[in-house]
2 protein chains.
Amino acid sequence: MSNLVSVKFSTLSEDIAQQLSRAIVQGHIPQGSKISEAELAKQYGVSRGPLREAIVKLEGLGLVTRTANVGARVIELNIDDMLETFAMREALEGMAARLASEKMPEEEVTRLYHLLDEHQAYLDANHDEHYVQQGGNDDFHLRIIHASGNTKLIRLLTEELYAVIRMYRHHTADQRRDPRQALREHRAILDAIANHEGDLAELLMRRHISRASQLLKQAMEQCLVKP
Amino acid sequence: MSNLVSVKFSTLSEDIAQQLSRAIVQGHIPQGSKISEAELAKQYGVSRGPLREAIVKLEGLGLVTRTANVGARVIELNIDDMLETFAMREALEGMAARLASEKMPEEEVTRLYHLLDEHQAYLDANHDEHYVQQGGNDDFHLRIIHASGNTKLIRLLTEELYAVIRMYRHHTADQRRDPRQALREHRAILDAIANHEGDLAELLMRRHISRASQLLKQAMEQCLVKP
DNA sequence: TCAAGTTATATTGTCGACAATTTTTATTTA
DNA sequence: TAAATAAAAATTGTCGACAATATAACTTGA
């Protein structure tokens, strides 16, 4: 069962880490399941060395937990951890919005308004259907994060936090959110950024994420009825 | 040249990672220097396997940068990166202070007031000398971070960010800060937490860190005159 | 003398095998 | 039968050796 296209990285370890990350985020490797080094090594056709390096990286990304002499397990999603992650996201993306208000160039602001217009058109055409996961809702947030210009902040949010955030989304299918409400909030945030109102942009972004967190919490409470 | 006490962890890799981390933060391994796997392996008396794992972990902590087929280098401290790190710290510790306002138990508030009293007494007795690095100024911040109750936030701040923050302090000896001013700010923050004023606690903590950032920036500008 | 190309050296990446530890299975005993 | 103990199997941790790549040293030609 070869896993999708194996985009050749310069080193096996990076390649494996990338593939494993996707497999976990998309649920191909289920939550809480054990990561067997021997098994995965055979499956990916590599030795245990690079595989172990990949696992150590995944541990750094917070996708697996490792205990000495026992091995690695995929993290288990639960509401409390999700709320913790979103609290961090609220703080960090709020800061990103503030910084973006100072640094985002005019052209990018214009492009983002266009992006929101496209979202609007999509909703009008598809009877308020959610946009497709990838590149839709996320895109707006990622663009603002990048506009912050803070490379460490960008790395942490896009490479670490968003991995587990996407994982939550994948595992609670529909987050039952009103897309038009989200779009309105996006527009308000962008307005604040366009006007260089850092305080307001941060406030609005934090509220926006806080609301998303509450909605995701409700969705999880309904979805994950404990067996 | 064996490096301090080698506290035996359950696995060599963890042990080495810990020792390397300390060596880098304390400057025993200088900034920008290359990490030679063979050399370090011989020095610590282990094989290259566990050492590589340790290096991968350090990369995750942001203490070294790795490039494929070339190796790892200790990060180089500069003002821009420091400002980026402190911007993240501002956002995250601000959130920690807010959460602490809701969750910190009464007894811990009392203990923290005692801690500040001790700091005050220390300053009175030692003619405004800075407290010793370890456990002094940091302690207050760490206690608030822990009081947030957000385990992910705690891990990120204490294990990742504070590693490089301590590195900055180590490499710019004296940060030329008025300790009494810092103490006053600490007290104001604690007051807000004691009164469960989350908004205020966050605001004060962010200002406090922002000021520290500015001062450290000035110190670095004087210290690091480019050759 | 300098530049480009070539060889040699050193360093990292990968592999398979062995040691140490944990988990499972089997056995014994109350 | 159940708990405790002991043996066996499986899994992780560690090691040394080889392959692939990058860096250094050297040669050659203009």
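Owing to the predicted nature of the structure, the values given are computational and were not obtained by experimental measurement.

Some points on the environment of T65 of chain A
Residues and elements named next belong to chain A.
Next, step 1: Tracing the backbone shows T65 in strand β2 (residues 64-67).
Next, step 2: Note: C-alpha distance between T65 and I35 (30 residues apart in sequence) is 9.9 Å.
Next, step 3: Excluding anything up to four places from it in sequence, T65 contacts G71, A72, R73 and I75.

Observations regarding the protein's contact with DNA strand D
Next, step 1: Taken together, 18 residues are adjacent to DNA strand D, and K34, R48 and R52 of chain A together with L12 and S47 of chain B come closest.
Next, step 2: Sugar and phosphate atoms constitute 74% of the interface atoms of DNA strand D, taking the interface as everything within 4 Å of the protein.
Next, step 3: Interatomic distance of 3.1 Å between a backbone N/O atom of N69 of chain A and a phosphate oxygen of DNA strand D.
Next, step 4: Breaking the surface near DNA strand D down by element, the ones donating at least two residues are β1 (34-35) and α3 (48-61) of chain A together with α1 (12-25) of chain B.
Next, step 5: Among the residues making up the surface near DNA strand D, the classes are represented as 7 nonpolar, 7 polar and 4 charged.

Looking at the domain arrangement of chain A
All names here are of chain A.
Next, step 1: Along its sequence, chain A is organised into domain 1 (3-74) and domain 2 (79-225).
Next, step 2: In this complex, domain 1 contributes 10 residues to the contact, which on the side of domain 2 involves 8 residues.
Next, step 3: Both faces combined, the contact of domain 1 with domain 2 buries some 740 Å², and carbon together with sulfur accounts for 66% of it.
Next, step 4: Of all residues in domain 1, the largest losses of buried area upon contact with domain 2 belong to V25, Q31 and L61, amounting jointly to 58% of the total for that side.
Next, step 5: Our enumeration of links across domain 1 and domain 2 arrives at 0 salt bridges.

Observations concerning the relation of the copies chain B and chain A
Next, step 1: For the pair chain B and chain A, the superposition axis carries a translation of 0.0 Å, the fit reaches an RMSD of 0.0 Å, and the rotation angle comes to 180°. What the rotation and shift describe, once combined, is the action of a two-fold rotation axis.
Next, step 2: Here 100% of the contact residues of chain B are again contact residues in chain A; the copies associate through an equivalent surface.

Details of the interface of chain B and chain A
Next, step 1: Between chain B and chain A, the residue contacts involve 31 residues of the former and 31 residues of the latter.
Next, step 2: Interface area lost by chain B to chain A is led by E53, E84 and K152 of chain B, which between them contribute 23%.
Next, step 3: Applying the counting rule to chain B against chain A returns 6 salt bridges.
Next, step 4: Among the residues making up the side of chain B that touches chain A, the classes are represented as 9 nonpolar, 7 polar and 15 charged.

Focus on the protein's contact with DNA strand C
Next, step 1: Taken together, 18 residues surround DNA strand C, and among them L12 and S47 of chain A together with K34, R48 and R52 of chain B come closest.
Next, step 2: Considering the 4 Å shell around the protein, atoms of DNA strand C inside it are sugar or phosphate in 74% of instances.
Next, step 3: At 2.4 Å, a backbone N or O of L12 of chain A approaches a phosphate oxygen of DNA strand C.
Next, step 4: Here a phosphate oxygen of DNA strand C sits 3.3 Å away from a polar atom, N or O, in the main chain of I35 of chain B.
Next, step 5: Every element with two or more residues in the surface near DNA strand C is listed here: α1 (12-25) of chain A together with β1 (34-35) and α3 (48-61) of chain B.
Next, step 6: Residue composition of the surface near DNA strand C, grouped by class: 7 nonpolar, 7 polar and 4 charged.

The rules behind each value
- Residues numbered from 1 in each chain as written.
- Chains lettered and ligands numbered in written order.
- Predicted model: local features only at pLDDT ≥ 70, side-chain atom pairs only at ≥ 80, totals over all residues.
- Heavy atoms only, no water.
- Helix = DSSP H or I, 4+ residues; strand = E, 2+ residues; numbered from the N terminus.
- Contact = heavy atoms within 4.5 Å.
- Near = heavy atom within 4 Å.
- Polar contact = N/O pair within 3.5 Å; in protein donor to acceptor, adjacent residues only side chain to side chain.
- Nonpolar A, V, L, I, M, F, W, Y, C, P; charged D, E, K, R; others polar.
- Domains from an automatic or database assignment.
- Buried area = accessible area lost by both parts, 1.4 Å probe.
- Salt bridge = Lys/Arg side-chain N within 4 Å of Asp/Glu carboxyl O.
- Least-squares fit on C-alpha atoms with pLDDT ≥ 70 in both.

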